[in-house]
There are 2 protein chains.
Amino acid sequence: MEMGRASKREEIAQAALQQFRARGFNATGISDITKAAGVPKGSFYNHFSSKEESALEALSRYADTLRLDMLTAPGRPALERLREHFEYLGGDTLDNGFVRGCLAGNLGAEVADHNEEIRSAVQRGFDRWASHIRQVLVEAQEAGDLDGALDTTAAALFILSAWEGALIAARADKSAAPVEAFFHIVFGVVLR
Amino acid sequence: MEMGRASKREEIAQAALQQFRARGFNATGISDITKAAGVPKGSFYNHFSSKEESALEALSRYADTLRLDMLTAPGRPALERLREHFEYLGGDTLDNGFVRGCLAGNLGAEVADHNEEIRSAVQRGFDRWASHIRQVLVEAQEAGDLDGALDTTAAALFILSAWEGALIAARADKSAAPVEAFFHIVFGVVLR
């Protein structure tokens, strides 16, 4: 019975992640989540107190898919790891008809002004991510592969923002052009 | 009577722009728009066939506030005009408690995957904007103020994306840091 409850929570949480990614926050109803999870609507509230709480769980699970570990993996030049990280992240949007983008950016755009818990979770996710990117840039500077005068804090924040914007533009354009422009300018100009 | 109808449409359209900017697409109800316009709910459908149609009108009106004319105004160095354009655009978000951001980017993030009319309107808006930015970069190259080897098409698309992402990050962070990073890296590194 305990096992059953745990696995039902897991199914609902996974369905919530998938529904929020596909539909956004306001267009996702509890019934969309329970239908996708194949559970009765009422069972949602056995596991989550609100749609907001399930969105916070979805954000946390989404953050675990960002593969920040790719940025810190030893043995490869820092800027190559950074490029591979974004190539990995871009795959989901570019290989699936230019949909979904980044859950953190999407919830940031849609909900940050109106829900302090979700805003704060997006902020923490961005902070953690920018901090990993900055560490890669510092490492590249130490290896002599990057201009030592570059402000790594500003550059990391900028690269993260530019990535979020490129995914939105790719979805609006239904093309890879904005993501290609990101790689061209970030790796060919900013980090040259 | 005709005048009355025209001014009521204007009031509804202005209220729709304000509500979509403040709430996003899915969180905005027709009644939010008519309440903000101070008109009976039923009168909405005398002027717009659907919420989507009013959002398309809002996007068109929003595009008119972007002041693309600042980019083409004669008599100032091209890159100074570009910087002033983004300083102007950033004011709305930075001076109002880090809310709202860009309506085109917000609708792109929230609705582009699900509504082809709105996606296409966002795409056209981005295309027109990127084309203006590119023209500024070409002019700067011709004046010798910008590296002639920079791919102006990619750079214009990238700068626009980076701007959209910076506004989202500023709202999530409730700080100007992402927008400051945009100015620092775009004008200090990409266009140096």
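Residues numbered from 1 in each chain as written. Chains lettered and ligands numbered in written order. Predicted model: local features only at pLDDT ≥ 70, side-chain atom pairs only at ≥ 80, totals over all residues. Heavy atoms only, no water.

## Here's the deal with the overall build of chain A
Broken down by element type, chain A carries ten helices and zero strands. Counting helices and strands in the order they occur from the N terminus, chain A gives α-α-α-α-α-α-α-α-α-α. Principal axes of the C-alpha set define a box for chain A whose edges measure 60 × 35 × 30 Å. Out of the 192 residues in chain A, the part that is buried amounts to 57%. Counted over contacts in chain A with a minimum sequence separation of 6, partners at least 24 positions apart contribute 62%. Only carbon and sulfur atoms are counted for the fraction: they give 49% of the accessible area of chain A, which is about 8000 Å². Taking the average place of the 21 positive charges on the side chains of chain A and the average place of its 27 negative ones, the gap between the two points comes to 6 Å. (Helix = DSSP H or I, 4+ residues; strand = E, 2+ residues; numbered from the N terminus. Buried < 20%, exposed > 50% of the residue type's maximum accessible area, 1.4 Å probe, protein only. Contact = heavy atoms within 4.5 Å. Areas by Shrake-Rupley, 256 points an atom, 1.4 Å probe, with all protein chains shown as cover. Lys, Arg positive; Asp, Glu negative; His and termini not counted. Charge placed at Lys NZ, Arg CZ, Asp CG, Glu CD.)

## Quick look at the interface of chain B and chain A
Counting residues at the interface gives 48 residues for chain B and 48 residues for chain A. When chain B packs against chain A, close to 3700 Å² is buried across both sides, 64% of that on carbon and sulfur atoms. Of all residues in chain B, the largest losses of buried area upon contact with chain A belong to B:Asp113, B:Phe158 and B:Ala172, amounting jointly to 17% of the total for that side. Counting the contacts that link chain B with chain A gives two salt bridges. The shortest N-O distance in the salt bridge between B:Arg171 and A:Asp113 comes to 3.1 Å. Of all the secondary structure elements, the ones that give two or more residues to the side of chain B that touches chain A are α1 (2-23), α7 (103-111), α8 (116-142), α9 (152-173) and α10 (177-190) of chain B. For the side of chain B that touches chain A, the per-class residue count stands at 26 nonpolar, nine polar and 13 charged. (Buried area = accessible area lost by both parts, 1.4 Å probe. Salt bridge = Lys/Arg side-chain N within 4 Å of Asp/Glu carboxyl O. Nonpolar A, V, L, I, M, F, W, Y, C, P; charged D, E, K, R; others polar.)

## Focus: the nonpolar core
Counting residues in hydrophobic clusters, the biggest one holds 130 residues, and the most contacted among them are A:Trp129, A:Phe182, A:Leu191, B:Trp129, B:Phe182 and B:Leu191. Once you skip the residues sitting within four places of it in the chain, B:Phe182 turns out to touch A:Phe158, B:Phe86, B:Ile159, B:Ala162, B:Trp163, B:Ala166 and B:Phe187. (Core = buried A, V, L, I, M, F, W, Y, C linked by side-chain atoms within 4.5 Å.)

## Regarding the environment of B:His184
Structurally, B:His184 is set in helix α10. Judged by its relative accessible area of 40%, B:His184 is partly exposed. Taking the C-alpha atoms as reference points, B:His184 and B:Glu87, separated by 97 residues in sequence, lie 12 Å from one another. Discounting residues that sit within four places of it in the chain, B:His184 has contacts with A:Asp151, A:Ala154 and B:Val189.

## Regarding the relation of the copies chain B and chain A
Once turned by 180° and shifted 0.0 Å along the axis, chain B lies on chain A with an RMSD of 0.0 Å. Each copy turns onto its partner about a two-fold axis. Looking at the interface residues of chain B, 100% of them are also at the interface in chain A, so both copies use one shared face. (Least-squares fit on C-alpha atoms with pLDDT ≥ 70 in both.)

## Quick look at the pattern of salt bridges
Residues and elements named next belong to chain A. Counted under the stated rule, the structure contains 24 salt bridges over all chains. In this structure, Arg76 and Glu80 form a salt bridge, with 2.5 Å as the shortest nitrogen-oxygen distance. On the basis of relative accessibility, which here comes to 38%, the residue Glu80 falls in the partly exposed class. Between Glu84 and Arg76 there is a salt bridge, and its shortest N-O distance comes to 3.0 Å. When its relative accessible area of 28% is taken as the criterion, Glu84 is described as partly exposed. Look at Arg76 and you get partly exposed, because its relative accessible area is 35%.

## Description of the UniProt feature "domain: HTH tetR-type" (unreviewed entry) in chain A
Using the residue numbers shown here, the UniProt feature "domain: HTH tetR-type" (unreviewed entry) corresponds to residues 6-66 of chain A. Across residues 6-66 of chain A, helical content stands at 72% and strand content at 0%; the span's end C-alpha atoms are separated by 25 Å. (UniProt positions renumbered as here; feature names shortened; annotations may be inferred.)

## Description of the side chain of B:Thr28
Residue and element names in this part refer to chain B. With respect to the element layout, Thr28 can be found in the loop between α1 and α2 (30-37). Assessed through its relative accessible area of 2%, Thr28 is described here as buried. A distance of 2.6 Å separates the side chain of Thr28 from the backbone oxygen of Gly24, its partner in a polar contact. (Polar contact = N/O pair within 3.5 Å; in protein donor to acceptor, adjacent residues only side chain to side chain.)

## Things to note about the domain arrangement of chain A
Residue and element names in this part refer to chain A. Under the domain assignment used here, chain A contains domain 1 (2-57) and domain 2 (66-190). Taken over C-alpha atoms, the centre of domain 1 sits 28 Å from the centre of domain 2. Counting each side, the surface lost to burial between domain 1 and domain 2 is near 930 Å², with a carbon and sulfur contribution of 60%. Of all residues in domain 1, the largest losses of buried area upon contact with domain 2 belong to Arg21, Phe25 and Leu56, amounting jointly to 59% of the total for that side. For the salt bridge of Arg21 with Asp92, the shortest nitrogen-to-oxygen distance reads 3.2 Å. There are five residue pairs in polar contact (both at pLDDT 80 or more) connecting domain 1 and domain 2. For the side of domain 1 that touches domain 2, the leading source of residues is helix α1 (residues 2-23), giving four residues. Classifying every residue of the side of domain 1 that touches domain 2 gives seven nonpolar, two polar and two charged. (Domains from an automatic or database assignment.)

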